[in-house]
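Coordinates in review
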Amino acid sequence: MVSVSDGDDSDAEMSVDLDATEVPEGSDVDMEVADEEDLNNGGVTRSQIDNRIAALHSENNEAMQQINTKGEPGHIQQIVLQNFMCHENFTVNLGPRINFIIGPNGSGKSAILAATILGFGSRSSHTNRGSGLSSFIKTGQSRAKITIKLCNYIDDETKSEGYRPDMYGKTIIIERVIYATNVSNYKIRDQNGKVISEKKEEVDNITKHFDILVDNPVCVLTQEISKNFLNSKNPKDKFKFFTKATQLEDVKRDYETALSHKDNSVRVLEDKCSTIKMYQVTLKNYDKKVKVIKMLQTSVEKMKTLAQESFWAICYSNKRDLDKEQAIFNALEAKYEQANKNCEESAQKMAHLQSKKDELIQDVDNLTSRVEAFKLELDAAAAESENAERALASKQREINRLTTEIRRNKQNIRTVKTRIEGIELQNRERENIDFEAEIEQIRAQIETVEEEQNALKEKIAKLQAEREELSKKRSHYAEDERRAVARFNSANSEIERLNRSQKNRYERYKPNTSRVMTEIEAAVQARHFKRRPFGPIGEYIQLQDPSAAFAAETLLNKNTLCAFIVDNFDDSKILKKIFLQCYGPNAYSHPDIIVRKYAPLHDVQHYQAQSEFPNFLQLFNIKEPEVANCLIDHFSIEKMLYIPNFRQAQRLLINPETAPRNCIKAFTEQGDTMMPATDRNDYKCYPNKNPSKTPTYLIRDFTQAIAEYKNTAAFQKQASTAARQEINAADQQLGVITKEIGQTDASFREIRMKLIEMKKKRDDLMEKAQIQPVEVVALKEDVERFTLELEQFEIEEKKCMEERNQLKEVYTQKTNVKNEKETQYNEMVHSRVPTNAKIENLDHQLIQLNKQIERINALKEEVLSKKRESEEVIQQKLEQYNISREAALKSTNGEVIETERTLSDVKAEIERFKEIIAENEEMANPEKQREVVAEYKNLMAVVKRLAGEFQIMNNYIELLKETMKKRKAAYHHMRYYMTRVINFFFSHVLKQKEFSGSITPYFYDMVGEDGKQKKAQTLEVVIYPRNKEQFVGENGSSQATEAASSIYSTTKSLSGGERSYSTVAFIIALWQICPSPFRLLDEVDVFMDMVTRKISIDTLIWFATERSSKQFIFLSPLHMQKLDNPECVTINFMPEPERD
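Criteria and thresholds
Residues numbered from 1 in each chain as written. Predicted model: local features only at pLDDT ≥ 70, side-chain atom pairs only at ≥ 80, totals over all residues. Heavy atoms only, no water. Helix = DSSP H or I, 4+ residues; strand = E, 2+ residues; numbered from the N terminus. Buried < 20%, exposed > 50% of the residue type's maximum accessible area, 1.4 Å probe, protein only. Areas by Shrake-Rupley, 256 points an atom, 1.4 Å probe, with all protein chains shown as cover. Pairing = 2+ DSSP bridges. Axes fitted to C-alpha atoms, helices over the stretch in contact; angles between N-to-C directions. Phe/Tyr/Trp six-rings, centres within 6.5 Å; stacked < 30°, edge-to-face > 60°. Core = buried A, V, L, I, M, F, W, Y, C linked by side-chain atoms within 4.5 Å. Contact = heavy atoms within 4.5 Å. Parallel < 35°, antiparallel > 145°, perpendicular 65-115°, else oblique. Left-handed = near helix turned anticlockwise from the far one by under 90°. Nonpolar A, V, L, I, M, F, W, Y, C, P; charged D, E, K, R; others polar. pLDDT = per-residue confidence, 0-100. Lys, Arg positive; Asp, Glu negative; His and termini not counted. Salt bridge = Lys/Arg side-chain N within 4 Å of Asp/Glu carboxyl O. Polar contact = N/O pair within 3.5 Å; in protein donor to acceptor, adjacent residues only side chain to side chain. Arc of directions from axis to C-beta. Patch = residues over 30% accessible without salt bridge, like charges linked within 9 Å, V, L, I, M, F, W, Y side chains within 5 Å. Charge placed at Lys NZ, Arg CZ, Asp CG, Glu CD.

**Re the overall build of the protein**
- In terms of helices and strands, the protein carries 25 helices and 21 strands.
- Residues counted as buried form 41% of the 1140 residues belonging to the protein.
- Carbon and sulfur atoms provide 49% of the accessible area of the protein, an area that totals close to 65100 Å².

Printed below as a string of structure tokens:
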């Protein structure tokens, strides 16, 4: 035998305590809430941020001393649209700086914006137009094409800023072709038109290199975004626009993604912890073997000691039984005394409660008489208040009418004065010009150009007709290929499902149905359900005619066949918990639950359809009445017939005289649905358009069904191959025709633009020639008349307002009196409710106390009987204890052995020693003992190593948590910096018009600087149209400051022009933090009056020329007046829209 040393003992007792090692949990961090500590963790203080912003502004001013007319790399040079929205062939050339695209509504301006968003790879949803890519294709066409020519670099100095300049050159051309099948492809060309790439990833790399952010509302501002966010008065809408524009929304989303990755690492660590525990289980097995070796060495002596211990185990067992029975007797004694005490207390409490109840009944009777008397006083006060309210409302309507008249007269005066000024201006411009000669000359030129245009138009029409025919053929082949591939995949999926269903019948239904059935059976065994659920319903349908399987599935649908039936809502809740365990939180993947009280089978003999053909109740052959009743209630299956042949069903149901009685619907073998003709309704038929007529759930012959799906899959694969060959041939022909159309179309567009300019010039001359002088004297008389009417209305309004104030005081007094009486009345009425509740509560308590006294008396009788039985048992246990103690003392020669084990435990250990000695004879071999001890030590070393790796990884995750904390602080630092930058430039732009103001985003609920509570995710914009300090200086008091703040606290108090100018300032401030090389705005000036529009346009041009070198593209339906810095401005006019 090999002895186990002390060192071996210490190793055997050694283990790795994983329970003491805390696995980090996934963090749930509130990223929005920030404090000063978060900003300090960013390494920069707020004062340093403010200094940096001031330095940035100073550098910007120095850099813009000279106007930049070349722009920056990344600006758009040209956009070409083919069959896109309303454009058939359209090209717009853009300057590197400021661009205006002018055109009336319907001319296709917004199509340019949508094409820019889609051309750079964005999704169609970001355009706020159309339901998919195919909706952007011009009506009648099969595809559309967007071409964007992008400036890669301007000269040698900016060549290093370009994207792969040696490959692309100065210009990058991005083409995106959109097909009617909602798919698209890309081609990225160099400056010579050579295709460099056809991958969308290359487009993403280009936009990332130039910081082109078409999804950013500041970079590309659509009409929808302008209406929903900029023009919205809702602070939450403005906050959403702010976070999108500053990309704070994207930063927060990236942070949450990183947080998810950290949580995944924690789960990996948990898996490693499980692995260590698995090794520990193996280690425990070896630990047992080591203990066996030690036990073998001391087994003989141990067994002798155990034999003596067995006598004392019997003795102590008898003593414990004696003590236990004595304790039971003592408990019964105490229980009897407590029952007597409880009975006396309950009787006293009943007397007290009855007295209290009588007092409360008297109080309720007294209060009821007072309530009825006070109700009369309340009705009189309410009538007086209503009369005062009607008088006040009548006077207010009169004031509103006068206010409307005053506003209408003021508007008439302004309109007439504007008309007078326009007429006088036209009269001054009119001079002696020979319009007819110039018009005749232009007409001759137009005729010549139109002849050239018609010739090119005929050529293009012919080529387009050829291309359209080829495109239709290709689309037809593509649709054939798509359908064939879809049917091929569907057939393979059905084959896999049917193969699984052959092994497990529940696999034909929803996924995890087998697991659900196992959980339900366990819950039934545990008696969690009141009544056993039934499901899936399809399992209980045994079709008498297998050919009716597809018709049955058409009638019942997928959800019903997979549904479960329960008897009550409590069982429904238990079943929902099982679904949650098996399917997760996604409720759409759960089977339906039908709650219906179980009952015997309905007697439908007199209501079922009467015909030679079977109804579905007969056809289903359902043995369970719970399932049959459910289908009868939900689908009326007893009134629906199965008629296999379509023609036979049609002949039977089309005539009211031959239609079966009680029949409401019929189904054919192919799943066609028919409704019979009646005296009130005509015959109706709905053919089943599903190409596959194979049943899914009620299948019986799996072999035949699998063979049919295999044949379908082989046929569809051949069809898809043939369609692909036809598509390739059509693509080659389309390429040749498209190239020729492009060349001809370029010539046509040049001639068309020339013709548009000539016609515009002709129309302008004709318009000037037709202008006639207008007399303005009558208009001036109208102004005087409107002025007199205005003064009269203002006098009447002032008088009515004084009368309204008097009526308002009367109404307030009457209302206060009524409210006071109503409050008193409600208090009196409600004061009865607690008293009645107390009375009901006392009745309930009295009943409970009476029942309690009855239970106590029954308990006393039961306790007395048990006490007598316990006394007899104690006497028997005492005799057994004395006998066993004498035997134990004799076996140990008078020595007492202390033990807490029972006789069975001791005997079990003796038997275990015997079994161990018999089973582990090989352990007696010293070589075997040394081998086991060596393996035990090696396994201990492995566990130590894994535990060390676990600790290292745990420390790494702790470090990752600290990194995430710093990342959060950096987000708050970035958020604070952007807010300060936007506020700085917002105030700077407002100062150009002697305005002042601020922008304050609230990322979480907090108290603002004005002491008011601010809601989370809102943006507060404060505007002062005049300088605040100047306003206070003129009034000379602190009240003036409060007045200024109250008058202009939000943009709601501003005029239309002031609000529009503040919106422009807001956009310019956001531009400062947007790195995109171009900005595109759609009709931001369309709802402005002429003065406000001029101020806004001038401000935008001032910023674009003197404070920025980016490219700006403005879309507007209104013509531009004379603009500053014309060398930076490019104006494009849209063609007139086509009208029906």
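Back to the write-up after that little detour.
**Regarding the sheet that holds strand β8 (residues 220–221)**
- Across the sheet, which stays open at both edges, the 5 strands sit in the order β8-β19-β20-β3-β21 with parallel pairing between neighbours. Pairing within the sheet leaves two strands with one partner each, and these edge strands are β8 and β21 (1129–1133).

**As for the sheet that holds strand β14 (residues 684–686)**
- The strand order across the open sheet formed by 4 strands is β11-β12-β13-β14, and the pairing between neighbours is mixed. Each edge of the open sheet is held by one strand with a lone partner, namely β11 (640–642) and β14. Neighbour-to-neighbour, the strand axes of this sheet turn through a mean angle of 20°, independent of strand direction.
- As paired elements, strand β13 (residues 673–675) and β14 share 3 bridges and run antiparallel to each other. Within β14, the residue paired with T673 across the bridge is Y686.

**Quick word on helix α8 (residues 235–245)**
- Along α8, the residues that are buried comprise K238, F239, F241, F242, T243 and A245.
- Once α8 ends, the next one or two residues include Q247, with phi positive near 65°.

**Structural notes on the packing of aromatic side chains**
- Tallied over the entire structure, the rule returns 13 aromatic pairs.
- Residues F534 and Y540 carry aromatic rings whose centres are separated by 5.7 Å and whose planes lie at 65° to one another, so their mutual orientation is edge-to-face. The same class applies to F534 and to Y540, which are both buried.
- Connected via pairs of aromatic rings, a cluster forms that spans F100, W1071, F1112 and F1114.

**With respect to the pairing of strand β18 (residues 1018–1024)**
- The buried fraction of β18 is high, at 6 of 7 residues.
- Relative to β18, strand β15 (residues 996–1002) is paired through 7 bridges, and the arrangement is antiparallel. Residue pairing in the sheet places I999 in a bridge with V1021 of β18.

**Description of the nonpolar core**
- With 90 residues, the main nonpolar core has F84, F100, F120, I172, F986 and W1071 as its most contacted residues.
- Sort the elements by how many residues they give to this core and helix α24 (residues 1056–1071) lands first, with 9 residues.
- Beyond its immediate stretch of four places on either side in the chain, I172 contacts I148, K149, L150, N152, Y163, I188, R189, I206 and F210.
- Within the second largest apolar cluster, 36 residues are counted, among which are A551, C562, I565 and Y642.

**Regarding the packing of helix α12 (residues 513–525) against helix α14 (residues 569–583)**
- It is at 10 Å that the axes of α12 and α14 come closest, and there the two elements cross at 140°. Between α12 and α14, the interaxial angle falls into the category oblique. Remark: the crossing between α12 and α14 carries right-handed chirality. Of α14, the residues touching α12 (which contributes T513, R515, V516, E519, I520 and A523) are L575, I578, F579, Q581, C582 and Y583.
- Classifying every residue of the contact of α12 with α14 gives 8 nonpolar, 2 polar and 2 charged.

**Notes on unusual backbone geometry**
- Between G535 and P536 the backbone carries a cis peptide bond, its omega angle lying at -10°.
- Position of P536 among the secondary structure elements: in the loop between α12 and α13 (549–561).
- One non-glycine residue, M85, lies in positive phi territory at about 55°.
- Structurally, M85 can be placed in the loop between β1 (76–84) and β2 (87–93).
- At R164, a position not held by glycine, the phi torsion is positive, near 45°.

**A few points about the confidence of the model for the protein**
- Averaged over all residues, the pLDDT of the protein equals 78, while 84% of them reach at least 70.
- Every residue in residues 1–23 scores below 50 in pLDDT, and together they form 44 contacts with partners more than four places removed in sequence or on other chains.
- For the stretch residues 1028–1049, pLDDT sits under 50, and the model shows 23 contacts to residues farther than four places along the chain or on other chains.

**A closer look at the pairing of strand β19 (residues 1078–1082)**
- With 5 of its 5 residues buried, β19 lies for the most part within the structure.
- The alternating pattern of β19 places F1078, L1080 and D1082 on one face and R1079 and L1081 on the opposite face, and all of these are buried.
- Relative to β19, β8 runs parallel, the two sharing 2 bridges. The residue of β19 that forms the bridge with V220 is L1080.
- Judged from the 5 bridges that link them, β19 and strand β20 (residues 1111–1116) form a sheet pairing that is parallel. Its bridge partner being in β20, R1079 is matched across the sheet by F1112.

**Re the side chain of R97**
- Residue placement: R97 occurs in the loop between β2 and β3 (98–102).
- One buried charged residue, R97, forms no salt bridge at all, with the nearest opposite charge on E72 at 7.7 Å.
- Separated by 3.0 Å, the side chain of R97 and the backbone oxygen of K1110 make a polar contact.

**Things to note about the pattern of salt bridges**
- By the definition in use, this model includes 22 salt bridges.
- Between K200 and D204 there is a salt bridge, with its nearest N and O atoms 3.0 Å apart. Highlighted residues: K200 and D204, both in helix α6 (residues 200–209), separated by 4 residues, approximately one helical turn.
- Since its relative accessible area comes to 33%, K200 is described here as partly exposed.
- The salt bridge involving K961 is made with E958; its shortest N-O contact spans 4.0 Å. Placement of both K961 and E958 in helix α21 (residues 926–991) is noted, with a separation of 3 residues, approximately one turn of the helix.
- Assessed through its relative accessible area of 34%, K961 is described here as partly exposed.
- Members of the salt-bridge network, linked through shared partners, are K145, E175 and R189.

**Quick word on helix α17 (residues 646–653)**
- Buried within α17 we find A649, L652 and L653. Angular distribution of buried residues about the axis of α17 spans 85°; they occupy a single face of the element. Facing away from the buried side of α17 by more than 90 degrees, the exposed set consists of R647 and R651.
- The inward-facing, buried residues of α17 contact β12 (665–667) and β13.

**A look at the environment of Y971**
- Mapping Y971 onto the fold places it in helix α21.
- You can call Y971 buried: its relative accessible area is 3%.
- In this structure the C-alpha to C-alpha distance between Y971 and Y255, which are 716 residues apart in sequence, comes to 8.7 Å.

**Digging into a negative patch on the surface**
- A surface patch of negative charge is lined by D358, E359, D363 and D365.
- Structurally, D358 can be placed in helix α10 (residues 299–429).

**Describing the environment of S110**
- By secondary structure assignment, the location of S110 is in helix α4 (residues 109–119).
- Spatially, the C-alpha atom of S110 lies 9.6 Å from that of M85, the residues being 25 residues apart in sequence.
- In contact with S110, other than residues within four places in its own chain, are R129, Q223 and D1082.
- At 2.9 Å, the side chain of S110 and the side chain of D1082 are in polar contact.

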